[in-house]
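An overview of the molecular structure
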Amino acid sequence: MLNGFLVGLQSFTSFAVLAGLFGGVIVGYLVGALPGLSAGVGMALLIPFTFGLDPVVSIVMLVTLYMASEYSGAIPAILVNTPGEPSSAVTALDGYPMRMRGEAGQALTLSILGSAVGSVLSTILLVLTVNWMTGVALAFGPAEYFALAVLGLSLVSTLSGHSVIRGLVALLFGLLLTTIGTDPVDGIPRFVFNEGLLGGIPFISALIGLFALSEVLEMLETTDEKPMPLKAMSGVLGQFSLLKPHVGNMVRSTFIGYILGVIPGAGATIASLTAYAVQRRVSKTPETFGKGNPEGLVAAETANNACMPGALAPMLALGIPGKASTAVLVGALAIHGVQPGPLIFAQHPEIPYSVYIALLVGMPFMVALGLFGSRLWVKLTLIPRGVVAAIVCATCLLGTFSEANDIFSIWVAAVFGIVGYVLRKLDIEPAPIVLALVLGYMMESNFRRALVGSGDDYAVFATSPIAAVCLVLALIVFVLPLTGAMLFKRRLADTLPTA
Amino acid sequence: MNAASQPLTLPGEPDAEEGASTLAPAPTLIFRRDWGDLLVGAAILAVAAWFFVSAGSLEDYSGEGIGAADFPRGIAALLALGIAVIGVGALRRLAAGTAHHLVEIRRYGHVAIGMLLLLVFPWLMTAFGYYVAMGVWLAAFLVLCGIRHPLHVAAYVAGFLLFTKLVFEMILGTPLP
C-alpha cells in the first residue's frame, strides 16, 4: 500500500495533475451550484475534455468534480432553498431556516466542514476496505462476476425511482442495447444496422444523451423562469469551533454515508436522508428538526459527502459501478484503456492511489473555495436557465463528436437524449440504462464463460458460495417489494427526489 | 421537471421565497401517464420483438450451450414481460378510471422544437461543417431558450465558437470538419 501511495504522490508532482485537481473542483462547484445539473451531467460534459489527457489527470479531474459537486449543491440549498443536487434537498430542510434566522454563516460553515470531515473519514474507510475487497475479488471467476453484476443491477433497479417495475424495464432495455455490436464470446456481429455500431452503442454518446441532453430538454420547459433577486446576506464565515458539539453526529453519519455509498444503487439522497433520520432519533431536540436544527444539517451534509468515496469502493475493487456517476468514471477510464477491478492495483496502481490522494488533497481547496466563494456560487443560480441550457447542449454535441470524430455519435446522443426525456416523463429513470450499458457486457460474457467452463452446467452458479449468496441476495431484492417490505425504502424515495 | 430544481417549501411558509423562482403561466400538455405507458410500451415492445426475431438469424458457434442469440433473446423476452406488466396495469386503471399519475409537459412546443434541433444538428454539420452548423444551430437554440437580444445571441455564439477553437482544436487537438 505504501508503494502505491508513493506512486500516487509522484503523480501529484506534475503540474497537469494539480491543474486537473483544481479544475475539477472549480467545475464541480459550478455544476453542483447550478440547479438542474447533477454530478453525472457535469462528468459527462467534462469527459470530452479528457480524451487527450493522461489517465491520471483525467481521473483526478473527474473525481474532484464529483466530490465538489456533491458539496456545492448545499450552497444554493441553504441560501436560496433550491438544492443544486437532489441529495442537498435534505440539507435545505434545516439549512434554509437557519439562513432565514440570519445564521447563513453558521449554516455554510457547518455544511462545508461537515462535508470535509465526512469526505476525509470516508476516504480513509475507502483505503482500508478496498484492499480487503480486492483480495476477495481476486478469487472471483466468471460465475462470481456474473452473480455480482446481477446483484448490482438488481439493487439499482429497485432503488431507481418510485417503481420497481419501471426500474427493471429501464435496466432490461439497457441490457438489450448492450447486445448490439460484436458478440463477447463468438465474436460475431449482432444487430449491427450501422457500421458505427460494430463496437456496440457508443457509451459516451449514450451517456451524454441520457443524462445531459434529456436534462436540457427538461430545462426547455422552464427556460422562462426568472429568479428573484437575493436580499443582502449576513456574514458567511462562521466559527470552526461550531463543529465541536457535532463530533459524534459526524462520525455516525460518515459510517452511514460510506456504507450506503458502497451498496450499489443506494446513493447520496438515501444516505443523507437516513443519517438525518438517525440523528433526529438520537437528538435531544427532535422537534426542532426541519426548523433550523444544525444537527440535521451536519448529519445530511456529512453523510452526503461520505457516500461518494463509498461509491468508489466497488468500482475500484470489483469494477462494478453502483451509481450512474461511477459508471461515468468507468467509461472515462475505459477510454484510456484502463479497466477498473482487482487488477487495477497491480496494472495501474497510480490510478486508485491518485484517486485517494486527490480526495484528500482536494478537500482543503474545496473547503476554502466553499467558504470564501459562496457568494459567487450562489449567484450562479441567477444565470438565465436558457443560457445554461443552450451552452450545455452545444458542449454536449461537440463533446460527443470529439469522442470518435464521427457524426454518427452525435446522432446516437441526440436519439438517446430524446429517449431519455420521454422515459423521465414516464418516471423511468435513465440511471439503470447507463449502468446496464456498463455492466451488460460483463454480465453476458461472464455468464457464458461460466457455462462454457462448466460444460453447460448451470449448477456452477449454485456451487460457488459467493455466486450463490449474490444471486440469492439479488432474488431477495427482486422479491422484497412484492412482500411489502420495501415500504420503508419507498417512503424514503417518496419523501425526496432520487439521486 | 427535475425535482432538484424545485424550491422546497417548509411547513407554514409561503410558496414563493426570496431567491426562489416563479413560473409564468405557459401552454402545458397534460395527460394520464397510463397513455404514455401504453404508447412508449408499444414502442419498446416493438424494439424487443425486433431483437428477438433478428436474433434468430444469428449464427450460433456455441453448439448446445448459450449462444450469441440466446442472451439477447432472454433479455428481450423479460423486457416484453416487464412492458406487459406496466401495460396491463395502465389498461386496468384506464378501464376502471382509478387514481392515476399525470404527465405535464410545460411549453411542449419549445420541447418539440428542441428535439427537432437536436436531430437537425448532425445533418447541418455534415452539410456545412462544424463552425457554420454550430453558429446557426446555437443561435437558433438560444432564441428558443428565450435569449432574444441579437447582441446577446451573437456574443454567446462567438464566445462558444472561440472556446471551441481554443480548447478543442488548439489545446486538445480535436479536428473539426
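Here, every reference points to the structure presented above.
To keep things clear, this report deals only with the structure shown in the data block.

Rules used in this analysis
Residues numbered from 1 in each chain as written. Chains lettered and ligands numbered in written order. Predicted model: local features only at pLDDT ≥ 70, side-chain atom pairs only at ≥ 80, totals over all residues. Heavy atoms only, no water. Helix = DSSP H or I, 4+ residues; strand = E, 2+ residues; numbered from the N terminus. Buried < 20%, exposed > 50% of the residue type's maximum accessible area, 1.4 Å probe, protein only. Contact = heavy atoms within 4.5 Å. Areas by Shrake-Rupley, 256 points an atom, 1.4 Å probe, with all protein chains shown as cover. Core = buried A, V, L, I, M, F, W, Y, C linked by side-chain atoms within 4.5 Å. Axes fitted to C-alpha atoms, helices over the stretch in contact; angles between N-to-C directions. Parallel < 35°, antiparallel > 145°, perpendicular 65-115°, else oblique. Left-handed = near helix turned anticlockwise from the far one by under 90°. Nonpolar A, V, L, I, M, F, W, Y, C, P; charged D, E, K, R; others polar. Salt bridge = Lys/Arg side-chain N within 4 Å of Asp/Glu carboxyl O. Buried area = accessible area lost by both parts, 1.4 Å probe. Polar contact = N/O pair within 3.5 Å; in protein donor to acceptor, adjacent residues only side chain to side chain. 1 Å grid on protein atoms, 1.4 Å probe; cavity = no way out; pocket = protein on both sides within 12 Å on 5 of 7 lines; lining within 4 Å. Points joined across faces, edges and corners; volume = space filled by probe spheres on them. Expected span 1.5 Å × (residues − 1). Bend = angle between axes of the 7 residues up to and from the residue. Phe/Tyr/Trp six-rings, centres within 6.5 Å; stacked < 30°, edge-to-face > 60°. Lys NZ or Arg CZ within 6 Å of the ring centre and 35° of its normal.

**Comments concerning the overall build of chain A**
A count of helices and strands for chain A gives 23 helices and three strands. A buried classification covers 67% of the 499 residues belonging to chain A. Across chain A, every contact between residues at least 6 apart in sequence was considered, and the portion connecting residues at least 24 apart equals 80%. With an accessible surface of roughly 16,200 Å², chain A has 69% of that area assigned to carbon and sulfur atoms.

**Some thoughts on the nonpolar core**
Core analysis: the biggest nonpolar cluster contains 201 residues, and Trp137 and Phe141 of chain B have the highest contact counts within it. Non-local contacts of tryptophan 137 of chain B, meaning those with residues more than four positions away in its chain, are made with Cys393, Ala394 and Leu397 of chain A together with Leu117, Leu118, Phe121 and Leu124 of chain B. Within the second largest apolar cluster, nine residues are counted, among which are Ala268, Ile270, Ala271 and Ala303 of chain A.

**Notes on the packing of helix α7 (residues 104–137) of chain A against helix α11 (residues 247–262) of chain A**
Residue and element names in this part refer to chain A. Packing of α7 against α11 leaves a shortest axis separation of 9 Å and a crossing angle of 55°. Relative to α11, the element α7 lies oblique. As for the relative orientation of α7 and α11, their crossing is right-handed in sense. Each of Gly114, Val117, Gly118, Leu121, Ser122, Leu125, Leu126 and Thr129 in α7 lies in contact with α11, whose residues at this interface are Met250, Val251, Thr254, Phe255 and Tyr258. Across the contact of α7 with α11, the residue classes break down as eight nonpolar, five polar and no charged.

**A short note on the pattern of salt bridges**
Within this structure, the stated rule accounts for 13 salt bridges over all chains. Across the pair arginine 166 of chain A and aspartate 37 of chain B runs a salt bridge, and its minimum N-O distance is 2.7 Å. Of this pair, arginine 166 of chain A sits in helix α9 (residues 164–178) while aspartate 37 of chain B sits in helix α1 (residues 33–55), placing the two residues on different chains. By relative accessible area, which is 4% here, arginine 166 of chain A ends up buried. One salt bridge in this structure joins arginine 32 of chain B and aspartate 34 of chain B, with 2.8 Å as the shortest N-O distance. The exposure class assigned to arginine 32 of chain B is buried, which follows from its relative accessible area of 15%. One connected set of salt bridges, linked through shared partners, spans Asp183, Asp186, Arg190, Glu444 and Arg448 of chain A.

**Notes on the interface of chain A and chain B**
Counting residues at the interface gives 84 residues for chain A, matched by 86 residues for chain B. Contact with chain B buries area across many residues of chain A, yet Leu176, Phe191 and Leu398 of chain A alone supply 9% of it, more than any other trio. In this assembly, chain A and chain B are joined by two salt bridges. Taken together, the links from chain A to chain B amount to six residue pairs in polar contact (both at pLDDT 80 or more). Taken together, the residues of the side of chain A that touches chain B break down into 54 nonpolar, 11 polar and 19 charged.

**A word on the layout of surface pockets**
Gaps left between atoms are located by rolling a probe of water-molecule size over the structure's atoms. Residues and elements named next belong to chain A. If you add up the space inside the second largest pocket, you get close to 990 Å³. Around the second largest pocket, the lining is made up of 38 residues, and of these Ala334, Gln339, Leu437, Val438 and Tyr441 lie nearest the centre. Those elements that provide at least two residues to the lining of the second largest pocket are α9, β1 (181–182), α10 (203–220), α14 (324–335), α15 (344–347) and α20 (431–453). Here the element with the most residues in the lining of the second largest pocket is α20; it accounts for seven residues. Counted by class, the lining of the second largest pocket contains 25 nonpolar, 12 polar and one charged residues.

**Side note on α10 of chain A**
All names here are of chain A. Relative to the 26 Å expected for 18 residues at 1.5 Å per residue, α10 spans 25 Å between its end C-alpha atoms, a close match to the ideal helical length. Glycine 209 marks where α10 bends most, by close to 35°. α10 sits mainly inside the fold: 18 of its 18 residues count as buried.

**Focus on the side chain of serine 445 of chain A**
Along the chain, the position of serine 445 of chain A falls in helix α20. A polar contact of 2.8 Å, which involves the side chain of serine 445 of chain A, links it to the backbone oxygen of tyrosine 441 of chain A.

**Quick word on unusual backbone geometry**
Residue and element names in this part refer to chain A. The phi dihedral of phenylalanine 191 falls on the positive side, at around 55°, and the residue is not glycine. Position of phenylalanine 191 among the secondary structure elements: in the loop between β2 (189–190) and α10. Positive phi is not limited to glycine here, since aspartate 427 has a value of about 65°. Following the sequence through the fold, aspartate 427 ends up in the loop between α19 (407–425) and α20.

**Thoughts on the packing of aromatic side chains**
The final tally for this structure, using the stated rule, is 20 aromatic pairs over all chains. Between phenylalanine 191 of chain A and tryptophan 50 of chain B the ring centres are 5.9 Å apart and the planes differ by 55°, which places this aromatic pair in the tilted class. With phenylalanine 191 of chain A in the loop between β2 and α10 and tryptophan 50 of chain B in helix α1, this pair bridges two chains. Measuring from ring centre to ring centre gives 6.5 Å for phenylalanine 447 of chain A and phenylalanine 71 of chain B, while their planes differ by 50°; the resulting arrangement is tilted. Highlighted residues: phenylalanine 447 of chain A in helix α20 and phenylalanine 71 of chain B in helix α2 (residues 70–96), drawn from two different chains. Each member of the pair phenylalanine 447 of chain A and phenylalanine 71 of chain B is classed as buried. These aromatic residues form a ring-pair network of at least three members: Phe146, Phe447, Tyr458 and Phe461 of chain A together with Phe71 of chain B. Of note, arginine 73 of chain B hangs over the ring of phenylalanine 52 of chain B, and the distance from its end group to the ring centre comes to 4.7 Å.

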